[in-house]
There are 2 protein chains.
Amino acid sequence: MKHTDDIHSAAREQVRESGLRVTTARVRVLAELSASGGLLSHQDIEQRLGRHRIDRVTLYRVLDSLAEHGLVHRVAGNDRIWRFGVGRGATSGATAGAGASVARELHERHAHFQCSDCGKVVCLSEVAAGRALRVPRGYRAESVELTVRGRCPQCG
Amino acid sequence: MKHTDDIHSAAREQVRESGLRVTTARVRVLAELSASGGLLSHQDIEQRLGRHRIDRVTLYRVLDSLAEHGLVHRVAGNDRIWRFGVGRGATSGATAGAGASVARELHERHAHFQCSDCGKVVCLSEVAAGRALRVPRGYRAESVELTVRGRCPQCG
DNA sequence: ACCTTGTTGCAACTTTGTTGCAACAAGCCA
DNA sequence: TGGCTTGTTGCAACAAAGTTGCAACAAGGT
């Protein structure tokens, strides 16, 4: 369990290593995602930022830039909203070059669970997704998304 | 390969068997989906209906009712757009009770492919999705969605 | 043919996401 | 430290997807 400040400076470090400019918006958003551990929707993030609120548009752009540089990963739920999460295993010790793909790889490998009632999305790290997938001739597979839908413990 | 009229009357039959009222809107939409064979977005359907156009809102409600009664299945792409498709194997000869779950079952079992360029979604019937899936204690799985993302033959 | 009840179309609205642009601040160099 | 360049931010306005309320209408039973 990390202290808030640690998460914050780790986030700052990650942003710097990714080659992106270190701005408060990026650091705060990444820190928030790291702290949550799970997947957050755009709205979730806005709420958690609280009085540190940043513009809605900026948030979109921040998340885009973080996603592009592999610091976070975007997942589409069946409620047509994006959810974002950090790669759990991504450490601040990764080298600049290799760091870019850490989060992406992690999230492409495991599955997600979305509650059909409350819409919450969590990672199912135990499930190995996308092993030995065969696509028809002419198609080129780039990534695999495996989403299980059902009821989470809270919604029974 | 079925003739247009056949598809139309088959659709009418399916709607009747599902317990829904047989309306021109429902029959036309279901027929259009059957004829296409693949997955259509809301917009695709509107275009295909052409001069038989129905109200946007009605289309939403028609698709909802068809989905609820298992005649079609909704799939979320990563472009936050719903796509709808019929269960390929659903025959008009199914009994009223059993018919309801045909489409749902079929689509829960196989995977979908979405092109990251043009956004088109197709079914990958060869891939058996969701075999031997384990979810954590407390979670209840209802359905599995496996989506492969990449390039379709047209987009290279 | 008539009546009831589910269905349709319209208008207005909400939510999610995007675009253009001027103001601003990160990073770099002297 | 101060100034310059260029990427970032916030605002306003917009676009697309989807929803809600309501009056008019048509399907299916009697």
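We now turn to the structure provided with this report. All figures in this text were calculated on a predicted structure; none of them were measured in a lab. (Residues numbered from 1 in each chain as written. Chains lettered and ligands numbered in written order. Predicted model: local features only at pLDDT ≥ 70, side-chain atom pairs only at ≥ 80, totals over all residues. Heavy atoms only, no water.)

To continue, consider the overall build of chain A. Counting its regular elements, chain A contains six helices and six strands. Starting at the N terminus, the α and β elements of chain A follow one another as α-α-β-α-α-β-β-α-α-β-β-β. Within the span of chain A, comprising 156 residues, buried residues form 41% of the whole. Intrachain contacts of chain A at a sequence separation of at least 6 include 53% that bridge at least 24 residues. Accessible surface for chain A amounts to roughly 8500 Å². Of this, 45% is attributable to carbon and sulfur atoms. (Helix = DSSP H or I, 4+ residues; strand = E, 2+ residues; numbered from the N terminus. Buried < 20%, exposed > 50% of the residue type's maximum accessible area, 1.4 Å probe, protein only. Contact = heavy atoms within 4.5 Å. Areas by Shrake-Rupley, 256 points an atom, 1.4 Å probe, with all protein chains shown as cover.)

Glancing now at the pairing of strand S3 (residues 82-86) of chain B. All names here are of chain B. Buried residues dominate S3, accounting for four of its five residues. Note that strand S1 (residues 40-41) and S3 share two bridges and pair antiparallel. Across the sheet, Ser 41 pairs through a bridge with Arg 83, a residue of S3. As paired strands, strand S2 (residues 72-76) and S3 are joined by five bridges and run antiparallel to one another. (Pairing = 2+ DSSP bridges.)

Another aspect to go through is the protein's contact with DNA strand D. Residues in contact with DNA strand D amount to 21 residues; listed here are only the nearest, Thr 23, Arg 26, Thr 58 and Arg 61 of chain A together with Trp 82 of chain B. Near the protein, meaning within 4 Å, the atoms of DNA strand D are sugar or phosphate in a fraction of 61%, with bases accounting for the rest. The separation between a sugar or linking oxygen of DNA strand D and a polar side-chain atom of Arg 21 of chain A is 3.3 Å. For the surface near DNA strand D, the secondary-structure elements that each account for two or more residues are helix H2 (24-36) and helix H4 (56-68) of chain A together with helix H4 (56-68) of chain B. In the surface near DNA strand D, the residues fall into 10 nonpolar, two polar and nine charged. (Near = heavy atom within 4 Å. Polar contact = N/O pair within 3.5 Å; in protein donor to acceptor, adjacent residues only side chain to side chain. Nonpolar A, V, L, I, M, F, W, Y, C, P; charged D, E, K, R; others polar.)

Another aspect to go through is the interface of chain A and chain B. Taken together, the contact between chain A and chain B spans 32 residues of the former and 32 residues of the latter. Connecting chain A to chain B are zero salt bridges. Counting across the chain A and chain B interface gives two residue pairs in polar contact (both at pLDDT 80 or more). When residues of the side of chain A that touches chain B are traced back to their parent elements, those giving at least two are strand S5 (121-128) and strand S6 (140-151) of chain A. Its residues assigned to classes, the side of chain A that touches chain B shows 16 nonpolar, eight polar and eight charged. (Salt bridge = Lys/Arg side-chain N within 4 Å of Asp/Glu carboxyl O.)

So, on to the sheet that holds S1 of chain B. Within a sheet, each strand pairs with its neighbour through backbone hydrogen bonds, oriented either parallel or antiparallel. Residue and element names in this part refer to chain B. Taken in spatial order, the three strands of this open sheet run S1-S3-S2, and their pairing is antiparallel. Edge positions in the sheet fall to S1 and S2, since each has one partner strand and no second. Contacts from helix H2 (residues 24-36) reach S1, S2 and S3, with the element oriented near 80° to S3. This element, H4, spans S2 and S3 of the sheet and lies at about 110° to S2. (Axes fitted to C-alpha atoms, helices over the stretch in contact; angles between N-to-C directions.)

Residues and elements named next belong to chain A. A sheet is described by the order of its strands in space; here three strands give the open sequence S1-S3-S2, paired in antiparallel fashion. Single-partner strands in this sheet number two, and they are strand S1 (40-41) and strand S2 (72-76). In the packing of H4 onto the sheet, contacts are made with S2 and strand S3 (82-86), and the angle to S2 comes to roughly 110°.

Glancing now at the relation of the copies chain A and chain B. Both copies of the chain are tied together by a single rotation about an axis and a shift running along it. When chain A is fitted to chain B, the best match, at an RMSD of 0.2 Å, comes from turning it 179° and sliding it 0.0 Å along the axis. Here the two chains are linked by the operation of a two-fold rotation axis. Take the interface residues of chain A: 100% of them recur as interface residues in chain B, which is what a same-surface contact looks like. (Least-squares fit on C-alpha atoms with pLDDT ≥ 70 in both.)

Residues and elements named next belong to chain A. A full pass over the atoms with the stated rule returns four salt bridges over all chains. The residue Arg 74 makes a salt bridge to Asp 64 at a minimum N-O spacing of 3.3 Å. With Arg 74 in strand S2 and Asp 64 in helix H4, this pair connects stretches of sequence that are 10 residues apart. On the accessibility criterion, Arg 74 (30% relative accessible area) is partly exposed.

Next up on the list: helix H1 (residues 4-18) of chain B. Residue and element names in this part refer to chain B. In a regular helix each residue adds 1.5 Å, so 15 residues correspond to 21 Å; H1 covers 21 Å between its end C-alpha atoms and thus fits that length. Buried within H1 we find Ile 7, Ala 10, Ala 11, Gln 14, Val 15 and Ser 18. Angularly, the buried residues of H1 cover 140° about the axis, an arc narrow enough to put them on a single face. Of the surrounding secondary structure, the elements contacted by the buried residues of H1 are H2 and H4. (Expected span 1.5 Å × (residues − 1). Arc of directions from axis to C-beta.)

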